[in-house]
Amino acid sequence: MERRLAAIVCADVVGYSRMMGADEAGTHAAFKAHRGAIHPIILNHGGRIVKYTGDGFLLEFPSIVGAIAAAVEVQKLMAERNAHLPADRVMQFRLGVNMGDVIFDEDEVFGDGVNTAVRLEAAAPPGGIALSNKAYQEAFKHLTVTFVDRGPFRFKNIEGAINVWTWDPSSPEKSRETPPATALPAEYRTAIVGVLPFANLSSETDEYFSDGLAEDLIHALSLQSFFRVLSRNSTFAFKHAGMSARLIAREIDATYLIQGSVRRSGNKIRVTAELVAPENGEQIWAGRYDRDIGDLFAVQDDITANLCTALIPEIYRAEAAVPVRSTTDLTAWDRFLRGLSHYYQPTKADYQSSIALFREAIKIDPGLAIAHTYLGTILLQGIHFGWIRNSRELWDEAMALAEAGVRLDSRSSFSYSLLAYVHAMQGRVEAGMEAARKALQLNPYDMGARGVLGVCHLVGGEHRQAIELFSVAAQRGNSDPRYQWSVLSAFSHYMLGQYDASLSWARESHYQNPNHLQCLAIRAAALAQLGRSVEAGEAVAALLGQHPWMTIDRLLSNIRWRNPADIAHYRDGLVKAGVPLTKLTLVDTKAKYAGE
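Residues numbered from 1 in each chain as written. Predicted model: local features only at pLDDT ≥ 70, side-chain atom pairs only at ≥ 80, totals over all residues. Heavy atoms only, no water.

Colleague: So what exactly am I meant to see when it comes to the overall build of the protein chain here?
Modeller: For the protein chain, the count of helices and strands is 25 helices and 14 strands. The dimensions of the protein chain, computed from C-alpha atoms along their principal axes, are 95 × 75 × 45 Å. Expressed as a percentage of its 596 residues, the buried residues of the protein chain come to 53%. Restricting to contacts in the protein chain with at least 6 residues of sequence separation, those with at least 24 account for 66%. In the structure as shown, the protein chain presents an accessible area of about 26600 Å², 51% of it carried by carbon and sulfur atoms. (Helix = DSSP H or I, 4+ residues; strand = E, 2+ residues; numbered from the N terminus. Buried < 20%, exposed > 50% of the residue type's maximum accessible area, 1.4 Å probe, protein only. Contact = heavy atoms within 4.5 Å. Areas by Shrake-Rupley, 256 points an atom, 1.4 Å probe, with all protein chains shown as cover.)

So this is what it looks like as structure tokens:
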């Protein structure tokens, strides 16, 4: 056993499992013929075949320049051979190339250098090559084709991020001196989600329920516009394939997969589901739902709604957490994702960074609807958190952003929800109701739209209806930072004189956002109305400690509630708690008299 520096090339066939399923003997024969054709190229560059891996092979070269040159020649030869074949017989390789310290033992190679090459192969485009940054930096002066910087990637069982460079022979060649700013295909800019058939762990008679659940989830997820959802035909073809999630994802080009199971026991049914990133094997989210069997369609709808509202924020988070793939000349979508990553970090500094990045995204691409809607959302949150000064200009900008979001993406329930919220908070209850109902019509599973409809009821003085909507939204979609159902519930309970419940919801909101201005204020008012004056005083101290400029007049300046009694009720609680009515200006009388 010895160690030495070597260049490793890993290859596999794109769609090999599908091809074997269609024609096992023909696929195997074609693979052997292609291997024979490329073998001389490997030898001409000083390489050797370490082993075959069923649908691919592992090569070792003494020189990284020779390894990359061989890889390019192999892919060019394969393109020529495929050009004469019908589409269903085309066979393409993905090649991953790395250089590093490896262990040699009885003609086998082991170590991180090999593992990295194996992982890099998954990042290569069909018919193309993926290089580690180390390999690229060592060989770039000798390259005869253009490799594009794809930025840092994280791979399963590989510590730290690896910067990846790719060559796609189907892309037009450009000089290395002027590489494209972003040469990412569409699937790397917008996530693709596949919902696999849910496994039926009960009798065959329950098959319709598990299939129906997956179909309903596909439909529910497709109603949003942040990511793409594959059709039923794309994923149900793998129902009995017995393939791993990673292989299925490659076949259908999915960024994320949702899979699960259904089990019945007596009058109970249990559904488990998980969201996975198949390329690195990470389980992003998992959930379990136990229900009594009654109306099966109602149960199915309930579980679908819960799954949909739990999964969407997790996909947002996962996309926002993807390492930046380029550091310069980012596209509008890249800017938006970077802004989104800051948005999920609840600090004022991140809040400011996300605003700047959303603005940059809109400047680069004024047609990016979701950037307009997120920017409008976060600006209004900044007011409620006390991180930005309330102004007429800010509300006008939020309205303009909401209208732009609706105009640019008329199927976005999120954009209509923002429009409804701005209308409602400005006292235009009917317009808010209309926009919120439009959002729910577009996507009945959007808990944000359901909660914003509750905001319209709150502003209109219909607090019991508001509480009902806030409660449903909180139960199903409370992990989404775009919405603050807890503090809104605290306000509606307060208006009904249910101060203990208001305090409970305010406490829940405080756990999530300790510096939330409106949460601190309603907590102080509820404590005062309960006669807990000492605690109310402490709550006011906490409020003024975070927001020393705050007064009752400023708190109420942003309120356009329809019922004047609601405003008076809230004001009464703030006065009892000891919040200053107006800001006092101290005058230095000694200086005045001295001047006289």
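Once the structure has been displayed, the description carries forward.
Colleague: So what exactly am I meant to see when it comes to the environment of S17 here?
Modeller: Mapped onto the elements, S17 comes out in helix α1 (residues 16-22). Given the relative accessible area of 28%, S17 is considered partly exposed. C-alpha of S17 to C-alpha of E251: the two residues are 234 residues apart in sequence and 8.5 Å apart in space. Excluding residues within four positions of it along the chain, S17 makes contact with M243, L247 and E251.

Colleague: I tried to follow the pairing of strand β2 (residues 48-52) on my own but got confused; where do I start?
Modeller: When a strand is regular, its side chains alternate between the sheet's two faces. Of the strand pairs in this sheet, β2 and strand β3 (residues 56-61) are connected by four bridges, and their pairing is antiparallel. The residue of β3 that forms the bridge with R48 is E60. Taken together, β2 and the strand that follows it, β3, pair antiparallel across an intervening segment of three residues, in which G54 is found at a positive phi of about 85°. (Pairing = 2+ DSSP bridges.)

Colleague: How do you make sense of helix α15 (residues 413-425) when you look at a structure like this?
Modeller: At 3.6 residues per turn, the α-helix brings residues three or four places apart onto the same side. When the terminal C-alpha atoms of α15 are compared, their 18 Å separation across 13 residues agrees well with the 18 Å that a helix rising 1.5 Å per residue should span. Within α15, 13 of the 13 residues are buried, which leaves it mostly tucked inside the rest of the structure. Where α15 terminates, the next one or two residues include G427, which has phi positive at roughly 90°. (Expected span 1.5 Å × (residues − 1).)

Colleague: I would appreciate a short explanation of the confidence of the model for the protein chain in the present structure.
Modeller: When pLDDT is low, close inspection of the predicted coordinates is not appropriate. Of all residues in the protein chain, 91% have pLDDT values of 70 or greater, and the mean over the chain is 83. Segment residues 173-188 is flagged for pLDDT under 50; beyond a separation of four residues in sequence, or across chains, it makes 29 contacts in the model. (pLDDT = per-residue confidence, 0-100.)

Colleague: What is the right way to look at the nonpolar core in this model?
Modeller: Nonpolar side chains in soluble globular proteins generally cluster together in the buried interior. Counting residues in each nonpolar core, the largest one holds 133 residues, and the members touching the most others are F198, F336, Y374 and Y570. When residues in this core are grouped by element, the largest group, 13 residues, is from helix α10 (residues 296-320). Setting aside chain neighbours within four positions, we find Y374 in contact with Y316, F336, L340, Y343, Y344, F358, F414 and R482. In terms of nonpolar packing, the next biggest core, distinct from the first, is built from 37 residues, I41, L59, V74 and M91 among them. (Core = buried A, V, L, I, M, F, W, Y, C linked by side-chain atoms within 4.5 Å.)

Colleague: Teacher, can you tell me more about the packing of aromatic side chains here?
Modeller: The relation between two aromatic rings is expressed through the spacing of the ring centres and the mutual angle of the planes. By the definition in use, this model includes 19 aromatic pairs. Each ring, one from F336 and one from Y374, has its centre 5.6 Å from the other, and the planes form 65°; the classification is edge-to-face. Of this pair, F336 sits in helix α11 (residues 332-343) while Y374 sits in helix α13 (residues 369-385), and the two are 38 residues apart along the sequence. You'll find F336 and Y374 in the same group, each marked buried. Seen from the ring of F31, R35 lies directly overhead, with NZ or CZ sitting 5.1 Å from the centre. Taking the ring centre of F236 as reference, the NZ or CZ of R232 above it sits at 4.2 Å. (Phe/Tyr/Trp six-rings, centres within 6.5 Å; stacked < 30°, edge-to-face > 60°. Lys NZ or Arg CZ within 6 Å of the ring centre and 35° of its normal.)

Colleague: Just to check I follow, could you spell out the packing of α15 against helix α17 (residues 447-459) for this structure?
Modeller: Axis angle and axis distance: for two packed helices, these are the angle between their axes and the distance between the axes, and together they describe the pair. Running from amino to carboxyl end, α15 crosses α17 at an angle of 10°, the nearest separation of the two axes being 9 Å. With respect to their mutual orientation, α15 and α17 come out roughly parallel. The residues of α17 that touch α15, namely those facing S417, A420, Y421, A424 and M425, are G448, A449, V452, V455, C456 and V459. Considered class by class, the residues forming the contact of α15 with α17 number nine nonpolar, two polar and no charged. (Axes fitted to C-alpha atoms, helices over the stretch in contact; angles between N-to-C directions. Parallel < 35°, antiparallel > 145°, perpendicular 65-115°, else oblique. Nonpolar A, V, L, I, M, F, W, Y, C, P; charged D, E, K, R; others polar.)

Colleague: So what exactly am I meant to see when it comes to the environment of G578 here?
Modeller: Residue position: G578 is located in the loop between α24 (564-577) and α25 (589-595). Separated by 108 residues in the primary sequence, G578 and F470 place their C-alpha atoms 29 Å from one another.

Colleague: What is the right way to read helix α20 (residues 499-512) from this model?
Modeller: In this model, α20 (14 residues) spans 20 Å end to end at C-alpha, consistent with the 20 Å of a helix rising 1.5 Å per residue. Taken as a whole, α20 has its buried residues at Y499, S502, L503, A506 and S509. Within α20, the buried residues cover an arc of 125° as seen down the axis, which keeps them to one side. Exposed residues lying more than 90 degrees from the buried face of α20 are D500 and Y511. (Arc of directions from axis to C-beta.)

Colleague: Mind showing me how you'd approach the side chain of H493 here?
Modeller: As for its position among the elements, H493 is in helix α19 (residues 485-495). Setting aside residues up to four positions removed in sequence, H493 forms contacts with I467, Q498, A501, S502 and W505.

Colleague: Explanation requested: the pattern of salt bridges in the structure shown.
Modeller: Note that side chains of opposite charge can pair when their charged atoms are close. According to the stated counting rule, one finds 15 salt bridges in the structure shown. E60 is the salt-bridge partner of R48, the closest N and O atoms lying 2.8 Å from each other. Placement of the pair is R48 in strand β2 and E60 in strand β3, with a sequence separation of 12 residues. A residue is classified by how much of its surface remains accessible, and E60, at 7% relative accessible area, is buried. Across the salt bridge formed by R359 and E397, the nearest N and O atoms sit 2.6 Å from each other. Here the residue R359 occupies a position in helix α12 (residues 348-364), and E397 occupies one in helix α14 (residues 392-408), the gap between them amounting to 38 residues. (Salt bridge = Lys/Arg side-chain N within 4 Å of Asp/Glu carboxyl O.)

Colleague: What should I look at first to understand the environment of D500 in this one?
Modeller: Relative to the helices and strands, D500 is located in helix α20. Overall, the relative accessible area of 51% leaves D500 in the exposed class. In this structure, the C-alpha to C-alpha distance between D500 and Q529, residues 29 residues apart in sequence, is 9.7 Å.

Colleague: What is the right way to read the packing of α10 against α11 from this model?
Modeller: Interhelical geometry of α10 versus α11 gives an angle of 110° and a closest axis separation of 8 Å. Comparing their axes, α11 and α10 come out roughly perpendicular. Read as a crossing pair, α10 and α11 show a hand that is left-handed. Each of Y316, E319 and A320 in α10 lies in contact with α11, whose residues at this interface are L337, L340 and S341. Of the residues belonging to the contact of α10 with α11, the class tally is four nonpolar, one polar and one charged. (Left-handed = near helix turned anticlockwise from the far one by under 90°.)

Colleague: Could you clarify how one ought to interpret the side chain of S354 in this entry?
Modeller: One can find S354 in helix α12. Take S354: its relative accessible area is 0%, and that puts it in the buried class. When near neighbours in sequence (up to four residues on either side) are disregarded, S354 contacts G339, H342, Y343 and I378.

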